[in-house]
Amino acid sequence: MDAAAKPRRVPRRISADYLQRAAMYYLERYSAPAEQLRRVLQRKIVASCRHHEQDPAAFAGMRDTVVARCVASGLVDDTRFAEARAASLRRKGQSGRAVAAKLAAKGIARDLAARSAEGGEDVELAAARIAARRKRLGPWRRPDRPFDRQKEIAALARAGFAPALARAVIDGEAEPDGLEA
């Protein structure tokens, strides 16, 4: 029997216990804010209701109760998630704007996302240098590649860095941060 002929698994009927177990299983594998957990549980509810011909709206209260229970027990903490995710994205060279946008897309409140994405000029400069190094721009450009200053500045600006900061990184030196690869 090939993979195309394999029958699809029947979704389970929704119950409070099932949603709680699904939430716990998801949170064992992933760190998530409350809104992300709500979306995951809603997808499970919709899939089950589609198969069992039920109304998904009937389970909204049950879903919200499970999410509230996870928040109350400390398994879900939006502030902790936002700070950890922002730090991770900064280490990858993401700008403050990009960090705030990605946190907001995960369901973090815009004011919390903005606070978590803040870091000051030093943090933004370090992230811009990491981004330039990862993209092989400015002082990290390969010697065989032609230098087009405006395109390189534009690449950093599109990544969310201020144009003045992008110019400083592109025109700067590779040595000061000591992160040579």
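Below is a short write-up of the structure. (Residues numbered from 1 in each chain as written. Predicted model: local features only at pLDDT ≥ 70, side-chain atom pairs only at ≥ 80, totals over all residues. Heavy atoms only, no water.)

Our focus in this paragraph is the overall build of the protein. The helix and strand tally for the protein stands at nine helices and zero strands. Reading the protein from its N end, one meets helices and strands in the order α-α-α-α-α-α-α-α-α. On C-alpha atoms alone, the protein measures out to a radius of gyration of 22 Å, which is more than a quarter above the 16 Å that the 2.2 N^0.38 rule sets for 181 residues. Seen through its principal axes, the protein has C-alpha atoms that stretch 60 × 45 × 25 Å. Burial analysis of the protein (181 residues in total) assigns 36% to the buried set. Contacts in the protein between residues at least 24 apart in sequence constitute 64% of all its contacts with a sequence separation of at least 6. For the protein, the exposed surface amounts to about 11,200 Å²; the carbon and sulfur share of it is 52%. Measuring between centres, the 36 positive side-chain charges of the protein sit 7 Å from its 23 negative side-chain charges. (Helix = DSSP H or I, 4+ residues; strand = E, 2+ residues; numbered from the N terminus. Rg over C-alpha atoms; globule rule 2.2 N^0.38 Å. Buried < 20%, exposed > 50% of the residue type's maximum accessible area, 1.4 Å probe, protein only. Contact = heavy atoms within 4.5 Å. Areas by Shrake-Rupley, 256 points an atom, 1.4 Å probe, with all protein chains shown as cover. Lys, Arg positive; Asp, Glu negative; His and termini not counted. Charge placed at Lys NZ, Arg CZ, Asp CG, Glu CD.)

What follows is about helix H2 (residues 34-52). When the terminal C-alpha atoms of H2 are compared, their 27 Å separation across 19 residues agrees well with the 27 Å that a helix rising 1.5 Å per residue should span. Turning to H2, its buried residues number three or more, namely Ala-34, Gln-36, Leu-37, Val-40, Leu-41, Ile-45, Ser-48, Cys-49 and His-52. The inward-facing, buried residues of H2 contact helix H1 (16-29), helix H3 (60-72) and helix H4 (78-91). (Expected span 1.5 Å × (residues − 1).)

Moving on, we get to the pattern of salt bridges. On inspection of all chains with the given rule, the structure shows nine salt bridges. With a shortest N-O distance of 3.8 Å, Glu-35 and Arg-39 are connected by a salt bridge. With a gap of four residues between them, Glu-35 and Arg-39 both fall in helix H2, about one helical turn apart. A salt bridge links Arg-141 to Glu-152; the shortest N-O distance between them is 3.2 Å. (Salt bridge = Lys/Arg side-chain N within 4 Å of Asp/Glu carboxyl O.)

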